[in-house]
Each structure stands twice: as structure tokens, then as C-alpha cells.
Amino acid sequence: MENVSSKSADERLAGNRQGNILIVDDEHLVRKALSRYLVKMGYTIETAEDGNIAISKLESEPYDLVLTDLQMPNLDGRELLTTMSEKFPDIPKIVLTGFGTNDDIILALKTGAYDFLTKPIMDFAILYHAIERALDRKRLNDEKNRYVEQLRQINDIITMLNRGKKTEEIFMMLNTSLRKIIPFNRLSLLMIDEETREVVTKLVESDSGERSSGTMSFPQSDSSLIDVATQKEVLLISDLAEYLLLHPESKRTEVLLKEGVRSSMMVPIIINNVTRGFLVFNSERVDAFNSEHIFFIRSISGQISFSIQRGELLDQLELHTKNLEHLVKARTHEILKTQKTTIFALSRLAEVRDPETGEHLERIRNFSVLVAQILKYSGHELEITNQYLRDLYDSSILHDIGKVGIPDDILLKPGPLSPVEYEIIKTHATIGYTALKEASRDLGENSFLNMAMEVTLYHHERYDGGGYPTGRKGLEIPLSARIVTISDIYDALTSKRPYKEAFPHDKSVKIMREESSRFDPMLFKIFLDNEGEFNRIRKEFS
């Protein structure tokens, strides 16, 4: 009768026990008796006859508890306890011995043994309760360690999200970091379009290498989506095929099943207490996600929503900035075009008064850009950029704009000028400079106008210092003016003027050689080396 009663009590205690226990004892009968009882109680049991075998098993299998004798051959229980305290400190130990001393008890406690029981065991209920207390303690310790690890992972992810800027960058960070915690095959970011209220697939990353910012969309009324949106809670669908049977109207579920997805976990993206989208974890396995995954993702869902909101705002800001930059660029181009048109119109005033001047302007700009291009590609002048060449092309034609301020009887005089008239004609450099300076105040300063002022004021200066209006010499004269000086003099010699006929190309080059001290030596050499090209341009625009 007692056996029946005892058996009934054991059955009541057993239930669904979980625990993988290693029994270490050199006595076969003891191992067998303990194994039989503990298997009946619902535990998984492994045995070892000495400490060496026990350590080998501990190194190859995870155990929740070790029951060990002290007196054993080879490696005894005392050595096993010491080794376990070093290698397996988290596995609880219960000592079972028939020869324990006070020293043995002290050693057992020092090495982390949870309990110390004497053999033979007369009441297995005492053993059972000792085992349960030890396993409960391990479960609590494991749970604590798991929560500490989860907290570390949460902190790591939050730190990572705080570094992210664009939405795509944040999404890729989540895809990389969460794979270590949640077993998904594909991660998708779905956002609700504020105008159409449809759910649009914005970003996708999967094991197959699929990466897209797709445009697939679904109505928000789709069963799975509306549930998450309205309840603002994580939705776990462990079996999509089963879910589709219950919700045949869910087109999104149907599409996922065709793509090989079997389970899904959807996290609402909540911004200002409104569901703005969904972060969706998909797996090719049924029951891939569990309550721990839900708990973890809930812990960071607020930070994810905040980061995505920040990313969306930064994306919008970047788009707005690009649009603004485009508008500013277009407006600046418009203003610059207006400036150049206005200034070019001024330069044409000289053409009205002197027909030769119009073609002279085209030749001057082409001569000047030719010299500057050769100088640029020779590597001598680092300051010559493509913008510099454009500015030179536009500004060189303004070098004689000041002649609009010279009286016709002097400007168009068919014979030599008197000393007084020559002094008046020389003022065209400062007249032009002053006019452009005033224009820069009205139209706004830029590189084109700055160069135009340089060219206008200094194109009659000489490298040897004998020019006007300031008498600058050498490198004191801006490069743009030194280039235009060569172009202007060559064109003046080869062109007809009211006071002279045009000289042939060869004669003009000869005259310039005789006056070479007035030119920048390096620029003049470029001119001489390319005089044939100068002659070709002269003929083209004559």
C-alpha cells in the first residue's frame, strides 16, 4: 500500500520536468537506481563512472545539473568539483557520498556545490526537492544572464540606431544587427502613403541577396496590416498558410506564401501615436518566431520608430535641400546669364561706333582662350581651371568697353593722334574699369566680373613696366590681362584701323618680336610656337 501511495505522489510531482542531469558515480547500481527514479520524474539522464568521463561529457553536451560522488577512481569527485568550478561555473552541483567529512563539505561549498546529501538515499523526495531547487536556481541565473545579454544587445542596437541618418542606412543596420537575435530570412520596411493610404514596400533585404526599394503596395485594409495598424501591437503569424485559410481576402499573405514565406512577425512603426508603417520579419520556416523575439522587438520598437522618423525627416530635408540647390543654381544661372547679356550688350556699343570692333571681340576671346588652354595643359599655371577659361572667354571681350566714353572725333580719327588726344584715348582703361565696378555693385560680384575688371584696367600694361594706366610690370600684372595684351596687340596689328591698314601676319609677328620686352616671356613663347593657329583664327573671324 505504501508503494502505491508513494508511486502516486511521485507521479503527481513529475509533471513535465525539464532538465538534463549528469550522474557521476563509480557504483553501477547507484547510477542505475538514480537514473530510473529521475527518468520517471521526467528528467533527461546521462551517467559517468568517474570524473574524467564526466568532464569529457560536460565538454561535449550542455547539462543543467551534475550529481556526483566523492570517492571514485581516476579523477575523484573532489577534483571534478574543482575542475567544474573553473570550466563550468554556471552548472549547479549536488554531492552524494557515503564517506563525507567536514573538509569535503567545505570543499563542496567552496567549489559551488548547491547541496550535500549522504548515501544511501532513504527518501528520494529529499533528493527530488534538492534537484528542483538547484534547477530553479539555474533557471533564474540563466534567465538573468539572458536578460543582461538582451539589455546589452538593446543598448548596442539603440547606440547603432542613433548613429544612423538616412532611412536606408538605419534599415541596413537593423538587418545586420537583428539577424544575430531573430531568425528571419527577409526584412521589409513598409510605409503608409499619407495620400493614398496604401501600404508601400519601401525597402527589402533577404538571404537570397534581394535588395530593393520596391514599389509593391497593398491596401491598408488587408487583414494582417489593419490588425497591426489599429491595435499598434506586434503581430505574430506562426503559419501563414493556416492564416490564409482563416483570412482568404488577405492578398499580401497570398503573395508571401508564393514567395516561400511561411511565418511572419510584424512590428508597427508608431510616430506621434499614429501607425505610419511596419517593420516585417519573414521566415521560410513555420513557427520561426516566439515570445522572446516579440519581447525583444517590443523593447526597441520605440527607438526604431524614432530612428525611422528621424531618417524620413532627414531624407525629406535632403530632398528639399537638393530642390533648393537646384532652384538656387537655376536662378544663379539666370542671373549670371542676365549679367553677361547686359555686359555683352555694353561691349557691343563699341561695335556700333567702330564696325571693326565687333569681329575684333570674337578674335580676342578666341586668341586669349587658346593661349590659356595651352598654358593650362603645359602644367605651368595651376590657377587655370575650366571656370577660369569660361571667365576669360566672357571677360576678354570687355577689354575696350571704356572706349564708349571716348569722343568720336578721337576714337575714329583717320590720322595720328596728338599727345593730348592720346592721353584722352588712354583713359578708356579706367573708364571701362569704373563702369564694370559700378555694374558689379548692381549685378553682384562674381569671378567673371572680377576678371573683366582686371582685363579692362591692365590690358595696356607692359611686362617691362612701360604701360598704362598704373605702370605695373612683370607678375604684378594679372595673368588674364597679360594674356589679353598679346591677343589685343596681334589683332590690332593684323586689323584695319581708321589710322592704318592691316599688316600681314608675318609682318605683325616680326613687329611683336621687336617689341617682345612688353610681353610675358612664357606667354609670348606660346604665341610664337602657335602663331599659325593665331593666323587661322584671324582668317576665320575676318
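Residues numbered from 1 in each chain as written. Predicted model: local features only at pLDDT ≥ 70, side-chain atom pairs only at ≥ 80, totals over all residues. Heavy atoms only, no water.

A. Representation of the overall build of the protein within the structure. Secondary structure summary: the protein contains 21 helices and 12 strands in total. When each of the 542 residues of the protein is scored for burial, the buried share is 45%. For the protein, restricting intrachain contacts to residue pairs at least 6 apart in sequence, the fraction spanning at least 24 positions comes to 62%. (Helix = DSSP H or I, 4+ residues; strand = E, 2+ residues; numbered from the N terminus. Buried < 20%, exposed > 50% of the residue type's maximum accessible area, 1.4 Å probe, protein only. Contact = heavy atoms within 4.5 Å.)

B. Region of the structure containing the pairing of strand S2 (residues 44-48). Sheet analysis places strand S1 (residues 20-24) next to S2, joined by five bridges and oriented parallel. Pairing of Ile23 across the sheet is with Thr47, part of S2. Read from S1 through helix H2 (residues 28-40) to S2, the crossover connection turns out right-handed. (Pairing = 2+ DSSP bridges. Right-handed = clockwise from strand over helix to strand, strands pointing away.)

C. The arrangement of the confidence of the model for the protein in detail. The predicted model of the protein averages 83 in pLDDT, with 86% of residues at 70 or higher. Taken element by element, the predicted model of the protein shows its lowest mean pLDDT in helix H1 (residues 2-14) (37) and its highest in helix H19 (residues 505-514) (96). Low pLDDT, under 50, characterises residues 1-16; the predicted model gives this stretch seven contacts beyond four residues in sequence or across chains. (pLDDT = per-residue confidence, 0-100.)

D. Quick peek at the pattern of salt bridges. Scanning all chains against the criterion turns up 23 salt bridges. The partner of Lys426 in a salt bridge is Glu423, and the shortest N-O contact between them spans 3.2 Å. Placement of the pair is Lys426 and Glu423 together in helix H15 (residues 419-426), with a separation of three residues, close to one helical turn. A relative accessible area of 44% means that Glu423 is categorised as partly exposed. The partner of Arg462 in a salt bridge is Asp464, with the nearest N and O atoms 2.7 Å apart. On the basis of relative accessibility, which here comes to 17%, the residue Arg462 falls in the buried class. Look at Asp464 and you get partly exposed, because its relative accessible area is 36%. Salt bridges sharing common partners tie together Asp64, Lys138 and Asp142. (Salt bridge = Lys/Arg side-chain N within 4 Å of Asp/Glu carboxyl O.)

E. Highlighting the packing of aromatic side chains. In the structure shown here, the tally under the stated rule is 10 aromatic pairs. Note on Phe367 and Phe534: the rings are 4.8 Å apart at their centroids and 15° apart in plane angle, and the pair reads as stacked. Of this pair, Phe367 sits in helix H12 (residues 355-378) while Phe534 sits in helix H21 (residues 531-540), placing them 167 residues apart in sequence. Relative to Tyr468, the ring of Tyr422 has its centre 6.5 Å away and its plane inclined at 85°; by these criteria the two rings are edge-to-face. Of this pair, Tyr422 sits in helix H15 while Tyr468 sits in the loop between helix H17 (447-458) and helix H18 (479-494); the two residues are 46 residues apart in sequence, bridging distant segments of the chain. On the accessibility criterion, Tyr422 (41% relative accessible area) is partly exposed. (Phe/Tyr/Trp six-rings, centres within 6.5 Å; stacked < 30°, edge-to-face > 60°.)

F. Examining the environment of Asp64 more closely. Along the chain, Asp64 falls in the loop between helix H3 (51-60) and strand S3 (65-68). Of the residues examined, Asp64 reaches a relative accessible area of 25% and is grouped as partly exposed. For the pair Asp64 and Leu135, spaced 71 residues apart in sequence, the C-alpha separation works out to 6.8 Å. Here the side chain of Asp64 touches Asn20 through a polar contact of 2.7 Å, landing on its backbone nitrogen. (Polar contact = N/O pair within 3.5 Å; in protein donor to acceptor, adjacent residues only side chain to side chain.)

G. Quick look at the sheet that holds S2. In spatial order, the strands read S2-S1-S3-S4-S5; together these five strands make up an open sheet with parallel pairing. The open sheet has two edge strands, S2 and strand S5 (113-118), and neither has a second partner. On average, adjacent strands in this sheet sit at an angle of 20° to one another, irrespective of strand direction. Against the sheet, H3 makes contact with S1, S2 and S3, and its axis sits at roughly 160° relative to S1, the strand it touches most. Each of strand S4 (93-97) and S5 touches helix H5 (residues 102-110); the most contacted strand, S5, lies at about 155° to it. (Axes fitted to C-alpha atoms, helices over the stretch in contact; angles between N-to-C directions.)

H. Representation of the packing of H19 against H21. Two numbers describe how H19 lies on H21: the axes approach to 11 Å, and their chain directions differ by 130°. Taken together, the axes of H19 and H21 lie oblique to each other. Read as a crossing pair, H19 and H21 show a hand that is right-handed. Of the residues in H21, those touching H19 at His505, Asp506, Val509 and Arg513 are Glu531, Asn535 and Arg538. (Parallel < 35°, antiparallel > 145°, perpendicular 65-115°, else oblique. Left-handed = near helix turned anticlockwise from the far one by under 90°.)

I. Representation of H2 in the model. With 13 residues, H2 extends 18 Å between its outermost C-alpha atoms, agreeing within 8% with the 18 Å of an ideal straight helix rising 1.5 Å per residue. For H2, every residue scored as buried is listed here: Val30, Arg31, Leu34, Ser35, Tyr37 and Leu38. Two residues or fewer past H2, Gly42 is found with a positive phi of approximately 100°. (Expected span 1.5 Å × (residues − 1).)

J. Looking closely at the side chain of Ser495. One can find Ser495 in the loop between H18 and H19. The buried category is assigned to Ser495, whose relative accessible area is 4%. In this view, Ser495 contacts Arg363, Lys500, Glu501 and Ala502; residues no more than four positions away in its chain are not counted.

K. How the structure looks around the nonpolar core. Formed by 29 residues in total, the largest nonpolar core has its most connected members in Met512 and Phe527. Those elements giving two or more residues to this core turn out to be H12, helix H13 (386-395), H17, H18, H19, helix H20 (521-529) and H21. At seven residues, H18 tops the list of elements feeding residues into this core. Judged by nonpolar contacts, the second largest core, of 27 residues, contains Leu174, Leu178, Ile269 and Phe281. (Core = buried A, V, L, I, M, F, W, Y, C linked by side-chain atoms within 4.5 Å.)

L. Region of the structure containing the environment of Asp142. Mapped onto the secondary structure, Asp142 falls in helix H6 (residues 124-163). Classification of Asp142 as partly exposed rests on a relative accessible area of 27%. The spacing of Asp142 and Asp90 is 52 residues in sequence and 8.5 Å in space, taken between C-alpha atoms.

M. Seen up close, the pairing of strand S11 (residues 263-271). Where burial is concerned, most of S11 is hidden: eight out of the nine residues are buried. Direction of pairing for strand S10 (residues 235-237) relative to S11: antiparallel, over a ladder of three bridges. Bridging from a neighbouring strand, Leu235 pairs with Met266 of S11. Alignment of S11 against strand S12 (residues 274-283), held across nine bridges, turns out to be antiparallel. Pairing of Val267 across the sheet is with Leu279, part of S12. Linkage of S11 to S12, two consecutive antiparallel strands, is achieved through a turn of two residues, within which Asn272 is found at a positive phi near 55°.

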